[in-house]
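Structural characterization, general
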Amino acid sequence: MNYTAPMVTLPDIATAFATPASAQAWILNGTPLGLAVLLLVAGSLADAHGRRRVFLLGTLALGVTTALGALAGSTLVFTLARVAQGAASAAVLAGSLGLLAHAYPAGRDRIRATGIWGASVSGGIALGPLLAGALSLTDWRLAYGVLGAAALVTAAVGARTLPGETGARGPEAGAVATARGPESGVGDPRRETAARGPEAGAGTPARGPESGTGDLARGPAPEARDKAREEAARGPAPEARDTARKATAREPGAGRTPPRAGGSRPRPDIAGALSLGLALAALLTALTLGRDGWLRPQVGLPLLASVALTALFVAVERRSRAPMVDLALLRRPAFLASTLGALFTGLAVIGLFSVVPALVQGGSGMSPLGAAWLFVLWSGTSFVVALQARRLPARLSAPYQLALGFLLSAAGVLALLGTLQGPAGTWPRLVPGLLVAGAGSGLLNAALPRLAVDSVPPERAAMGSGANNTARYIGSSAGVALTLALVTAGPDTAVLASAGLALLGAALTLVLGRGHRPGTSFAQTTSR
């Protein structure tokens, strides 16, 4: 809700602050900028310091910074408040999806849970403009005051209801001892085995008639104990040691210095966050200035700076002992499909639809509330489809669901050609395109978190979710700036660009996701 509220209040905010057209992109991009820069840091902090703690601190900070935005007196102050809201939202998103991933390790339960998580994202996207549009009839600032108060209430309720975390802290502790409550199955061997999935049998006594153990309370026979002692003394066979070495070498992050003993916590990757933030800011500057002509030094220099800073970010991450993201994960097709799918979701879908309400208001003179109701046709459909995506056939893997979502989004966007700046009475022509594009967005929102946590090791679940959402918000920031630059040549130019990017996203996810089987986790994939 906080993210999408400015979409319908942008004209009122620009009027109140006398914001020039070239600076309006920053009003929309403040929150995604903060999200993109700090999501990876938040994911690493959640893995190392506890998902519950990061989630609650982020929710508290979100309430405070949103309320401060309501008191802003200039474009600069409001934009800075929005950047701070994005930073707080980064902690909320990384912590929440990390908690979810470890509560539901794999299988149908995870598909259902990530679908609900994605639906909640879609629901917030739908309700944000509606709330802002309704309250803007009195004062646009009211929306931000109400959202800030709601975040503070959420933080208070979460502090009382979320189970406390116990166990080790550090990068290795994420899947083992953090964020476990009574539902996690810790302490109950049968539930722990079920939670770990079919691979769990390798290190636990067999349950059932095939095990030959009989009653577990009796323990193994004396002969079995003696044999076990002899095997333990000899150690694993040479063939097993060789297999283990090869498997370890194939794992992403192999060879990285392990964490120090005693549960010491790695420092946040400030250098990585700074280089990424500067690279994104340079890119957004270039795209924003492009509205006045692309072949100019004012555009080329920021683009070159963005490329150089991105290279610096990669170099920093490769040398860091505790990187924001393990770049070795990009060698895994499933993780790459997840990351590119999120990036193109932002570029092709969120970028355009972040600007649609303002375009409708400017072209037809529609009120903010009327534009918000039109926006709900898209975002509300996205919410319903994301919630029901768990009912799709199990054989439809996440990459194929992503490709289908991109295709539907492209079809819906193309149906909007010639409709975004027509007279007020032409709004019914928008409805079919908004509904079809909304269905595509819902499939994307349901599949992305599922693939994000399935494609990384369990102890890096929060990093996986952070990387996925970072790519989404980098894409959305660039998409907003690109859309606002292209609409100067007419809304249909932006519509065609959005459809083309969606089709490219579909092709990439199909190619990269061909080997991903439905319902498989990282551990199941690497064991094949």
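Residues numbered from 1 in each chain as written. Predicted model: local features only at pLDDT ≥ 70, side-chain atom pairs only at ≥ 80, totals over all residues. Heavy atoms only, no water.

**Some thoughts on the overall build of the chain**
- Along its length, the chain carries 19 helices and zero strands.
- In the chain, of all internal contacts separated by at least 6 residues, the share reaching a separation of at least 24 is 82%. (Helix = DSSP H or I, 4+ residues; strand = E, 2+ residues; numbered from the N terminus. Contact = heavy atoms within 4.5 Å.)

**Here's the deal with the confidence of the model for the chain**
- Here the chain averages 76 in pLDDT, and 75% of its residues register 70 or above.
- Confidence drops under a pLDDT of 50 for residues 167-222, and excluding neighbours within four residues, the segment shows 63 contacts in the predicted structure.
- A low-confidence stretch, residues 521-528 stays under pLDDT 50, and its non-local contacts, those more than four residues away or across chains, total 21 contacts. (pLDDT = per-residue confidence, 0-100.)

**A word on the packing of helix α15 (residues 398-414) against helix α16 (residues 431-454)**
- Packing of α15 against α16 leaves a shortest axis separation of 7 Å and a crossing angle of 160°. With respect to α16, the element α15 is oriented roughly antiparallel. The two elements α15 and α16 meet at a crossing, and its hand is left-handed.
- Of the residues assigned to the contact of α15 with α16, the class counts are 17 nonpolar, seven polar and one charged. (Axes fitted to C-alpha atoms, helices over the stretch in contact; angles between N-to-C directions. Parallel < 35°, antiparallel > 145°, perpendicular 65-115°, else oblique. Left-handed = near helix turned anticlockwise from the far one by under 90°. Nonpolar A, V, L, I, M, F, W, Y, C, P; charged D, E, K, R; others polar.)

**Some details on the packing of aromatic side chains**
- Scanning the entire structure with this criterion turns up eight aromatic pairs.
- A centroid spacing of 4.4 Å and a plane angle of 5° characterise the contact between Phe-353 and Trp-378, whose relative ring orientation is stacked. You can see Phe-353 sitting in helix α12 (residues 333-353) and its partner Trp-378 sitting in helix α14 (residues 368-388), a full 25 residues away along the chain. Taken individually, Phe-353 and Trp-378 each receive the classification buried, so the pair is uniform in this respect.
- By way of ring pairs, the aromatic residues Phe-17, Phe-78, Trp-140 and Tyr-144 are connected into one cluster. (Phe/Tyr/Trp six-rings, centres within 6.5 Å; stacked < 30°, edge-to-face > 60°. Buried < 20%, exposed > 50% of the residue type's maximum accessible area, 1.4 Å probe, protein only.)

**Looking at the nonpolar core**
- Counting 103 residues, the largest nonpolar core has Phe-78, Tyr-144, Phe-353 and Trp-378 as its most contacted members.
- In this structure Phe-353 touches Met-7, Phe-375, Trp-378, Val-413, Leu-416, Leu-434 and Ala-437, once residues within four positions along its chain are discounted.
- By size, the runner-up hydrophobic cluster in this structure holds five residues, among which are Ala-119, Ala-386, Leu-443 and Ala-446. (Core = buried A, V, L, I, M, F, W, Y, C linked by side-chain atoms within 4.5 Å.)

**Digging into α14**
- Spanning 21 residues, α14 covers 30 Å between terminal C-alpha atoms, matching the ideal 30 Å at 1.5 Å per step.
- The largest bend along α14 measures about 35° and falls at Val-376.
- Residues Pro-368, Ala-371, Ala-372, Leu-374, Phe-375, Val-376, Trp-378, Ser-379, Gly-380, Thr-381, Ser-382 and Ala-386 constitute the buried set of α14. (Expected span 1.5 Å × (residues − 1). Bend = angle between axes of the 7 residues up to and from the residue.)

**Here we look at the environment of Ala-286**
- Along the chain, the position of Ala-286 falls in helix α10 (residues 270-289).
- Residue Ala-286 is classed as buried on the basis of its relative accessible area of 1%.
- For the pair formed by Ala-286 and Ala-478, sequence separation is 192 residues and the distance between their alpha carbons is 9.8 Å.
- In contact with Ala-286, not counting residues within four places along its chain, are Trp-294, Val-299, Pro-302 and Leu-303.

**Overview of the packing of helix α3 (residues 51-70) against helix α6 (residues 141-161)**
- Contact geometry of α3 with α6 gives a least axis separation of 7 Å together with a crossing angle of 160°. Accordingly, the angle class assigned to the pair α3 and α6 is roughly antiparallel. In this structure, the crossing between α3 and α6 has a hand that is left-handed. Facing α3, whose interface residues are Arg-52, Leu-56, Thr-59, Leu-60, Leu-62, Gly-63, Val-64, Thr-66, Ala-67 and Ala-70, α6 presents Arg-141, Tyr-144, Gly-145, Leu-147, Gly-148, Ala-151, Leu-152, Thr-154, Ala-155, Gly-158 and Ala-159.

**Focus: the side chain of Thr-381**
- Mapped onto the fold, Thr-381 is located in helix α14.
- Thr-381 gets classed as buried once you look at its relative accessible area, which sits at 19%.
- Non-local contacts of Thr-381, meaning those with residues more than four positions away in its chain, are made with Val-376, Leu-435, Gly-438 and Ala-439.

**Structural notes on unusual backbone geometry**
- One non-glycine residue, Ala-18, adopts positive backbone phi at about 55°.
- For Ala-18, the location among the structural elements is in the loop between α1 (6-17) and α2 (24-49).

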